[in-house]
Amino acid sequence: MKVDILAVGVHPDDVELGCGGALIASVKEGKKVAVVDLTKGELGSRGTPETRKAEAEAASRILGLSARENLGMADGFFQINQENTLKVITAIRKYQPEVLICNAPHDRHPDHGRSSQLVKEAAFLSGLIRIETSLEGQPQAAWRPKHLYHYIQDDYIEPDFIFDITDTFEQRQESILSYTTQFNVVAGDGVQTYISKPQFMQGVEARARLFGKRIGAEFGEGYIKTRALGISSFDRFIL
Ligand SMILES: [Zn+2]
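Keep in mind that what you see is a predicted model, and the values were worked out from it rather than measured.

Comments concerning the side chain of Ser115
Note that Ser115 resides in helix α4 (residues 110-125). Relative accessible area serves as the criterion here: at 0%, Ser115 is assigned to the buried category. Each residue touching Ser115, except ones within four places of it in the same chain, is listed here: Val10, Leu38, Phe78 and Asn103.

Quick word on the layout of surface pockets
Its volume calculated, the largest pocket comes out at about 1,200 Å³. Along the walls of the largest pocket sit 34 residues, with Tyr149, Phe161, Phe163, Leu229 and Arg236 positioned nearest its centre. Among the elements of the structure, α1 (14-28), β4 (99-102), β7 (147-151), β8 (161-164) and β9 (220-225) are those that each provide at least two residues to the lining of the largest pocket. A class-by-class count of the residues in the lining of the largest pocket yields 19 nonpolar, seven polar and eight charged. Computed from the structure, the second largest pocket encloses a volume of approximately 440 Å³. In the lining of the second largest pocket, the residues fall into six nonpolar, ten polar and seven charged.

Examining the coordination of the zinc ion
Distances from the zinc ion to its protein donors, namely His11 (ND1), Asp14 (OD) and His112 (NE2), fall within the range 2.1 to 2.2 Å. As a motif over one chain, the donors of the zinc ion read H-x2-D-x97-H. Accessibility classification places His11 together with Asp14 in one group, the buried group.

Description of the pattern of salt bridges
In this structure the tally under the stated criterion is 13 salt bridges. Salt-bridge contacts for Glu218 lead to Arg209; the nearest nitrogen and oxygen are separated by 3.6 Å. It is possible to trace a salt-bridge network through shared partners that takes in Lys2, Glu98 and Lys146.

Remarks on the packing of aromatic side chains
Inspection of the entire model under this criterion finds six aromatic pairs. On the numbers, 5.0 Å between centres and 75° between planes, the contact of Tyr149 with Phe161 is edge-to-face. In this pair, Tyr149 sits in strand β7 while Phe161 sits in strand β8, placing the two residues twelve residues apart along the sequence. Pair check on accessibility: Tyr149 and Phe161 agree, each one buried. Taken together, a centroid distance of 5.8 Å and an interplanar angle of 20° make the contact between Phe183 and Phe200 stacked. Of this pair, Phe183 sits in the loop between α5 (169-177) and α6 (198-214) while Phe200 sits in helix α6, and the two are 17 residues apart along the sequence. The pair formed by Phe183 and Phe200 is uniform in burial state, with each residue classed as buried. Sitting above the plane of the Tyr194 ring, Arg108 keeps its charged end 3.6 Å from the centroid. Its end group placed over the ring of Phe124, Arg144 keeps NZ or CZ at 4.2 Å from the ring centre.

Focus: α5
Among the residues making up α5, those that are buried are Phe169, Arg172, Gln173, Ser175 and Ile176. Axial view of α5: buried residues confined to an arc of 160°, hence all on one face. Those residues of α5 hidden inside the fold are in contact with α1, α2 (49-63), α6 and β9.

Rules used in this analysis
Residues numbered from 1 in each chain as written. Predicted model: local features only at pLDDT ≥ 70, side-chain atom pairs only at ≥ 80, totals over all residues. Heavy atoms only, no water. Helix = DSSP H or I, 4+ residues; strand = E, 2+ residues; numbered from the N terminus. Buried < 20%, exposed > 50% of the residue type's maximum accessible area, 1.4 Å probe, protein only. Contact = heavy atoms within 4.5 Å. 1 Å grid on protein atoms, 1.4 Å probe; cavity = no way out; pocket = protein on both sides within 12 Å on 5 of 7 lines; lining within 4 Å. Points joined across faces, edges and corners; volume = space filled by probe spheres on them. Nonpolar A, V, L, I, M, F, W, Y, C, P; charged D, E, K, R; others polar. Donors = N, O, S within 2.8 Å, 3.2 Å for Na, K, Ca; no water. Salt bridge = Lys/Arg side-chain N within 4 Å of Asp/Glu carboxyl O. Phe/Tyr/Trp six-rings, centres within 6.5 Å; stacked < 30°, edge-to-face > 60°. Lys NZ or Arg CZ within 6 Å of the ring centre and 35° of its normal. Arc of directions from axis to C-beta.

Here's what the structure looks like:
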């Protein structure tokens, strides 16, 4: 099940909010994209793991994913330990991505930073042949992604590069709004949360406009890189 790009989020909806536009653009280019969610988001104040699963499936169709799976770690309490690191290594070796994208190094939700650290460590360790993992009884080959990027989600972080998502912005918003229990809740039952208020989605759009403006585009997504970006031509930048 090799893919070109694997995006990891700790909660279902993280990848839609953080890198949905780039994933949709990549699928349109013919690349294969998979998503791994670390937890079911069971501590969320609204919705249930079941509703979020159905919502994630709807969002996956909009993103055009080749695969999506949930590693079932504990929302809010998962630790960077051997068991969880091996779970992420197994997923990386299963999908063998060239590009791995994960949560921001720090964010409003403390799970995001911890997820980022877990995935970063697993990405390195996944390349060590003496760490043995198996999937469905078959030993897995070592695999280290060529590139690791972090998407910027809620906290403002100065991006290292910005992905132009002008052409995919509307589709990305649709994928976010697939989580109907989580976002844009105008009225009804249940508590209003930081993310369920309509103002939150206005903030999401404002952020995309801000990043877009920085590169002369209408909408953008900001990313952090973990090593220097190499170029082989001054013509390969878009703007
Ligand atoms: Zn999250």
